[in-house]
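Spelled out, the chains give:
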Amino acid sequence: HCGYQERFIIGLEKLRRKVGSEDTLAKFKHQLSKIAEEDRLPEYSIELAFDPRKPSIIQDNPAGTPRRLRKNSQVLVAFYPKPTRSLPLNYMSEAS
């Protein structure tokens, strides 16, 4: 799906379905976060972010300060192609 785009963005739930994961959404997000943090994909970088178009829930916590709650269903996953390594111009002559 990424092709030659600058980036590819997909919702976390939809990505989990497409890859066939049977993990809970929270566990899938945790595993994907580790992959993103370690930058383990050879051709792409991954970034997880909350969808700014979906509202958060504001809730008071025991300390009395409001906190923002967001659901895993509001997470977007962005894939960015990594720069490709270019070969030296004399690559073919060196290989002979």
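So, here is what we can say about the structure in this document. (Residues numbered from 1 in each chain as written. Predicted model: local features only at pLDDT ≥ 70, side-chain atom pairs only at ≥ 80, totals over all residues. Heavy atoms only, no water.)

**Some remarks on the nonpolar core**
Link 1 in the chain: Listed in full, the 11 residues of the largest apolar core are F8, I10, L12, L15, L25, F28, L32, I46, V75, V77 and F79.
Link 2 in the chain: For this core, the secondary-structure elements that each account for two or more residues are β1 (8-11), α1 (12-19), α2 (25-38) and β5 (75-81).
Link 3 in the chain: When residues no more than four places from it in sequence are discounted, the contact partners of L25 are L12, E13, R16, N72 and S73. (Core = buried A, V, L, I, M, F, W, Y, C linked by side-chain atoms within 4.5 Å. Buried < 20%, exposed > 50% of the residue type's maximum accessible area, 1.4 Å probe, protein only. Helix = DSSP H or I, 4+ residues; strand = E, 2+ residues; numbered from the N terminus. Contact = heavy atoms within 4.5 Å.)

**So, the sheet that holds β5**
Link 1 in the chain: In spatial order, the strands read β1-β5-β2; together these three strands make up an open sheet with antiparallel pairing. Both edges of this open sheet fall to β1 and β2 (44-50), since each of them pairs with a single strand only. Pairs of neighbouring strands in the sheet enclose a mean axial angle of 25 degrees, with direction left out of account.
Link 2 in the chain: With seven bridges joining them, β2 and β5 adopt antiparallel strand pairing. Bridged to F50 within β5 is V75.
Link 3 in the chain: Running over the sheet, α1 touches β1 and β5 and is turned about 90 degrees from β1.
Link 4 in the chain: Against the sheet, α2 contacts β2 and β5, and its axis sits at roughly 135 degrees relative to β2. (Pairing = 2+ DSSP bridges. Axes fitted to C-alpha atoms, helices over the stretch in contact; angles between N-to-C directions.)

**Thoughts on the pattern of salt bridges**
When the charged atoms of two side chains with opposite charge come close together, those side chains can pair.
Link 1 in the chain: For the structure shown, the criterion picks out two salt bridges.
Link 2 in the chain: For the salt bridge of E38 with R40, the shortest nitrogen-to-oxygen distance reads 3.1 Å.
Link 3 in the chain: A residue is classified by how much of its surface remains accessible, and E38, at 43% relative accessible area, is partly exposed.
Link 4 in the chain: For R40, a relative accessible area of 48% puts it in the partly exposed group.
Link 5 in the chain: For D39, the salt bridge identified is with K82, shortest N-O distance 3.2 Å. Residue D39 is found in the loop between α2 and β2, and its partner K82 is found in the loop between β5 and α3 (91-95); the two are separated by 43 residues along the sequence. (Salt bridge = Lys/Arg side-chain N within 4 Å of Asp/Glu carboxyl O.)

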